[in-house]
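Notes for the structure review
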Amino acid sequence: MRGADVIASALKAEGVEFVAGVTGGSTMAIYDAIHSAGIRILVCRHERGAADIADGYARVTGKPGVVLVEMGPGAINALAGIANSYPDSVPVILLMGGVPHRLVGKNAYQENDLMELFRTVTKWEMTIPLVERIPEALQRAFSVVCAPRPRPVAIEIPTNVSGATCDDNLVYEPLRQKRFRFRADSADVNRAADLILKSQKPMVLAGAGIIWSDAGVELMTLAERLGIPVAITLAGKGAFPDNHPLALGLGALSRARYNTKQAAYCADQADVVLAIGAGFRQQATKALSPLPSGKKIIQVDVDPAEFNKSYMTDVAVLGDAKLVLQDLLDALGPKVRNTFWGGVDGLKKEIAGLKKATREGWMADLTSDAVPINPHRVVWELMQVLDPAKSLMVHDSGSPRGLLCYHWECPGPRSFMAFGNQSCMGWSVGASIGAKLGAPEKEVVVLLGDGSFGMAGMEVNTAVRNDIKTTFVVLNNGGFDLTRVQASKSFNKPPDFPWMRLSGNVSKVAEGLGAYAQEVREPHALRGAFERAFAATEPAVVEVHTMMGAPEATRI
């Protein structure tokens, strides 16, 4: 038995459904063993795409995604994908080939200090020194990514370890416990409950921690029992149903980039903000702008490093979001006064009025007949065709993110997949493939720009070769449009900068990659094009020619 066989048996024992990557000499024995073990292999067009596929699968399922890449440049290509997963707390296990131990330090072919390269974007990393330590390394990897705050891990496997023969008794024993949760200190929970009960206008800011902890039911119970509004971060979209009468949509303590009117209304007046699993990042706080005076923050998180990072925390509650909410509900009691905000009925009416005003204010763009097509119209037509409860919407970086997250209404968790801090262009292509593998019952739809497609569009072929049905809607405005808009504001010039222009026929590229492809230039043709794309049996790409300098998706 080879070390590679021990690795494959470990992945099999931990229930890994597939491994994504690009083959190479240093990983050939491992790929051979994985195939022999009956684990699905997705050979990708680029290692970054493989990392994104594992990332998307992990976000949808909560299980770790696994990537296997070649040593040297193969591993370095995957770095951007792993760096994207790290700040969003996504459990990805990166397995990398490595030069034989006897050649380390001799400037060997494709030798790099991979551990040093990945140290800043992984929670744990290890080079396996001996074949006998493979079980230990894999157990540790799966344990670390199951931690309360999951993050990627990286393991380097030198070829002399993967290819070494070993005793048949070297058996991998799978983890006995695959998830770790902890409750908060009861005194902290009671302090939080007391602060809420003494407040006049409390609100909730829910982040991705609600989704990772599967705490949606508890959050709903809290909001309805107290009659208080709930705003969500971009990464937390879906944590609370957008169509709920107490839902504020995207917001933050001051102003988020894609803030809704109703979230701004409540954030301005709130005296206590219960932030659960929500990191106060730059784009979620208008570049960390100061808080208005008089606000108190209760922050719930599994990572103590999040407390007092961007804003001072009045009550810090360290614990799993689901368990903390359960304990908080017990501390508040079953008969909490429902008179916050002057009464829940008035609050709901105010929220509904602001939502209606927002939608009416956007209708001219959402139903625009302009040519080239207004991208807001693209989202509107998708909203008419798709059932949000049966769909999984995925956005990419730049303007498509704002369009989708601002207008799209999510019915609940894992009906929308967002990413945040690194915002790597092209992430959505691979991530949607992984998402479809994790949620095959969903209609997975991606909204991305032509710039992002140019960076990662070859992975459409990975979906085609592996019969993974996803639909990619590409907004082709001939360049990096959000950058053009920002430059236009900075330089006080029209948004058409010749040196930012891109060209190419996306639909022909997609057809060449084996996908069902369409090209749309007229807004009235959008709905039919989408319906045909969703009905296609193979992965589909709909190229939509859109205007330059489209209105940014927020109006407060």
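Read on for a plain summary of the structure. (Residues numbered from 1 in each chain as written. Predicted model: local features only at pLDDT ≥ 70, side-chain atom pairs only at ≥ 80, totals over all residues. Heavy atoms only, no water.)

Quick notes on the overall build of the chain
Formally: Secondary structure elements follow DSSP: runs of H or I no shorter than four residues count as helices, runs of E no shorter than two count as strands, and numbering proceeds from the N terminus. As a reference, a globule follows 2.2 Å times the number of residues to the power 0.38, and the radius of gyration itself is taken over C-alpha atoms. Type-normalised accessible area, obtained with a 1.4 Å probe on protein chains alone, sets the label of each residue: buried when under 20%, exposed when over 50%, and partly exposed for intermediate values. Whether two residues are in contact is decided by their heavy atoms, any of which lying within 4.5 Å being enough. Values of accessible area rely on a 1.4 Å probe in the Shrake-Rupley scheme; residue burial ignores everything except the protein chains shown. By the counting rule applied here, Lys and Arg register as positive and Asp and Glu as negative, while His and the ends of each chain are not counted. Where a charge sits is defined by one atom per residue type, namely NZ (Lys), CZ (Arg), CG (Asp) or CD (Glu).
A tally of regular secondary structure across the chain gives 21 helices and 18 strands. Taken over C-alpha atoms, the radius of gyration comes to 24 Å for the chain, in line with the 24 Å a tight globule of 556 residues would show. Dimensions of the chain along its principal axes, counting C-alpha atoms only, are 75 × 60 × 45 Å. Considering the chain as a whole, with its 556 residues, one finds that 60% of them fall into the buried category. For the chain, the share of sequence-separated contacts (at least 6 apart) that also reach a separation of at least 24 residues comes to 75%. Working note: accessible area of the chain is about 21,300 Å², and carbon and sulfur atoms make up 52% of it. Both charge centroids of the chain, one from 58 positive and one from 58 negative side chains, sit 5 Å from each other.

Observations concerning the pattern of salt bridges
The cut-off we apply is this: Here, a salt bridge means any side-chain nitrogen of Lys or Arg that lies within 4 Å of a carboxyl oxygen of Asp or Glu.
Applying the stated criterion across every chain, the model contains 25 salt bridges. In this structure, R2 engages D5 in a salt bridge whose closest nitrogen and oxygen atoms are separated by 3.1 Å. Judged by its relative accessible area of 24%, R2 is partly exposed. By relative accessible area, which is 23% here, D5 ends up partly exposed. What you see here is one network of salt bridges that share partners, running through R149, D303, E306 and K309.

Some thoughts on the sheet that holds strand β17 (residues 516-520)
The condition is simple: What makes two strands pair is DSSP finding at least two bridges between them. Fitted lines through C-alpha atoms give the axes, limited to the stretch in contact for helices. The angle between two N-to-C directions lies from 0 to 180 degrees.
The 6 strands lie next to each other as β14-β13-β15-β16-β18-β17, forming an open sheet whose pairing is parallel. Taken across any chain shown, the strands that pair with only one partner, and hence form the sheet edges, are β14 (416-417) and β17. Pairing between strand β13 (residues 391-395) and strand β15 (residues 443-449): 5 bridges, direction parallel. The residue bridging H395 from the neighbouring strand is L447, located in β15. Along the sheet, helix α14 (residues 375-385) contacts β13, β15, β16 (471-476) and β18 (540-545); its crossing angle with β16, the most-contacted strand, is approximately 160°.

Quick look at the environment of G277
When you line up the elements, G277 lands in the loop between β10 (272-276) and β11 (296-301). With 70 residues separating them along the chain, G277 and G207 place their C-alpha atoms 4.8 Å apart. Excluding residues within four positions of it along the chain, G277 makes contact with G207, A208, G209, V300 and D301.

On their own, these measurements won't tell you what the molecule is for.
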